[in-house]
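# Analysis of the macromolecular model
Here is how the chains run, residue by residue.
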Amino acid sequence: MGKDFSSALRPAIVMTVLFAALLGIAYPLAMTGLGQAIFPSQANGSLVRDAQGKVVGSTVVGQAFTGDRYFQTRPSAAGKGYDGLSSSGSNLGPASQALVDRVKADVAKRRGEGVAGPLPADLVTASGSGLDPDLSPASALAQAPRIARVRGVAVEQVRNLVAKLSEGSVLGEEHVNVLALNQALGALPRTAAADTPTR
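As the structure is a computational prediction, the values presented were derived from the model and not from experiment.

Let us look at helix H3 (residues 97–112). Along its 16 residues, H3 runs 22 Å from first to last C-alpha, staying within 8% of the 22 Å computed at 1.5 Å per residue. Those residues of H3 hidden inside the fold are in contact with helix H4 (137–151). With its phi angle positive at about 100 degrees, Gly114 sits one or two positions after the end of H3.

Structure follows, in structure tokens:
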């Protein structure tokens, strides 16, 4: 009995060690190496750098822009907003009073910024991950008058920028990356009276 047990145990231990080494070490190292070799930017987080080489964000993870000079992102339920360690939606249903109150506050905020007419849904609702880096072009265009006024540029320039940076998608709706938009705003002529940017 003891001999049968030890002879059955040895292959089980060998296979466990073998597959642990193969699937727990070799495979992850191979996939990491391939990712770094073939898609280095994506493997390292799709980071975006400014002219000085400083990392200012990522094309795939949103961040909150609060200054009036910038396109603002959609609301986020991830932690205190766009917290990658707390990525999630609010899990509040349509009958939730907390959700209704939050959306009403966001609608009032947008109206206070001068957004008139129907509000695009993504200006007042959070995404499922809470980290969405994109807006619909309609949401970006709704903010164009405010940005143009604060920056002292023609609203048509801001609208053209949105149209230029908007991207289609095979599986989804047209979208525009908020970080890319805000970086491109720096190329528009500024006035001395414009406010100091805050993010």
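From this point, the discussion proceeds with the structure in view.
Within the fold, Ser46 resides in the loop between helix H2 (40–43) and strand E1 (47–49). Look at Ser46 and you get buried, because its relative accessible area is 11%. Apart from residues no more than four positions distant in its own chain, Ser46 is found in contact with Ser41, Gly57, Ser58, Thr59 and Val60.

Moving on, we get to the pattern of salt bridges. Enumeration over the complete set of coordinates arrives at five salt bridges. Glu113 serves as the salt-bridge partner of Arg110, at 3.3 Å between the closest nitrogen and oxygen. Accessibility assignment for this pair places Arg110 and Glu113 in one class, buried. Taking the shortest distance from any N to any O, the salt bridge between Glu113 and Arg146 comes out at 3.8 Å. In this pair, Glu113 is assigned in the loop between H3 and strand E3 (134–135) and Arg146 in helix H4, connecting sequence segments 33 residues apart. On the basis of relative accessible area, Arg146 is assigned to the buried category, the value being 3%. It is possible to trace a salt-bridge network through shared partners that takes in Arg110, Glu113 and Arg146.

In this section: the pairing of strand E2 (residues 55–58). Bridge count for E1 against E2 is three bridges, and the pairing is antiparallel. The partner of Arg49 across the bridge, within E2, is Val55. The antiparallel hairpin formed by E1 and E2 contains five residues in its connecting segment, where Gly53 sits at a positive phi of about 90 degrees.

A few words now on the environment of Pro137. Looking at the element boundaries, Pro137 is found in helix H4. For the pair Pro137 and Gln52, spaced 85 residues apart in sequence, the C-alpha separation works out to 29 Å. If we skip the residues at most four places from it in the chain, Pro137 touches Val162, Ser166, Glu174, His175 and Val176.

On to the packing of helix H5 (residues 155–165) against helix H6 (residues 178–185). One can describe the packing of H5 onto H6 by two numbers: an axis separation of 10 Å at closest approach and a directional angle of 135 degrees. By the angle between their directions, the pair H5 and H6 is classed as oblique. For the element pair H5 and H6, the recorded crossing hand is right-handed. The residues of H6 that touch H5, namely those facing Leu161, Val162 and Leu165, are Ala180, Leu181, Ala184 and Leu185. Residues belonging to the contact of H5 with H6 are distributed by class as follows: seven nonpolar, no polar and no charged.

Unlike most non-glycine residues, Ser46 shows phi in positive territory, near 50 degrees. Positive phi outside glycine occurs at Asn91, with the angle close to 60 degrees. In this structure Asn91 comes out as exposed when scored by relative accessible area, which is 75%.

Conventions and cut-offs
Residues numbered from 1 in each chain as written. Predicted model: local features only at pLDDT ≥ 70, side-chain atom pairs only at ≥ 80, totals over all residues. Heavy atoms only, no water. Helix = DSSP H or I, 4+ residues; strand = E, 2+ residues; numbered from the N terminus. Expected span 1.5 Å × (residues − 1). Contact = heavy atoms within 4.5 Å. Buried < 20%, exposed > 50% of the residue type's maximum accessible area, 1.4 Å probe, protein only. Salt bridge = Lys/Arg side-chain N within 4 Å of Asp/Glu carboxyl O. Pairing = 2+ DSSP bridges. Axes fitted to C-alpha atoms, helices over the stretch in contact; angles between N-to-C directions. Parallel < 35°, antiparallel > 145°, perpendicular 65-115°, else oblique. Left-handed = near helix turned anticlockwise from the far one by under 90°. Nonpolar A, V, L, I, M, F, W, Y, C, P; charged D, E, K, R; others polar.

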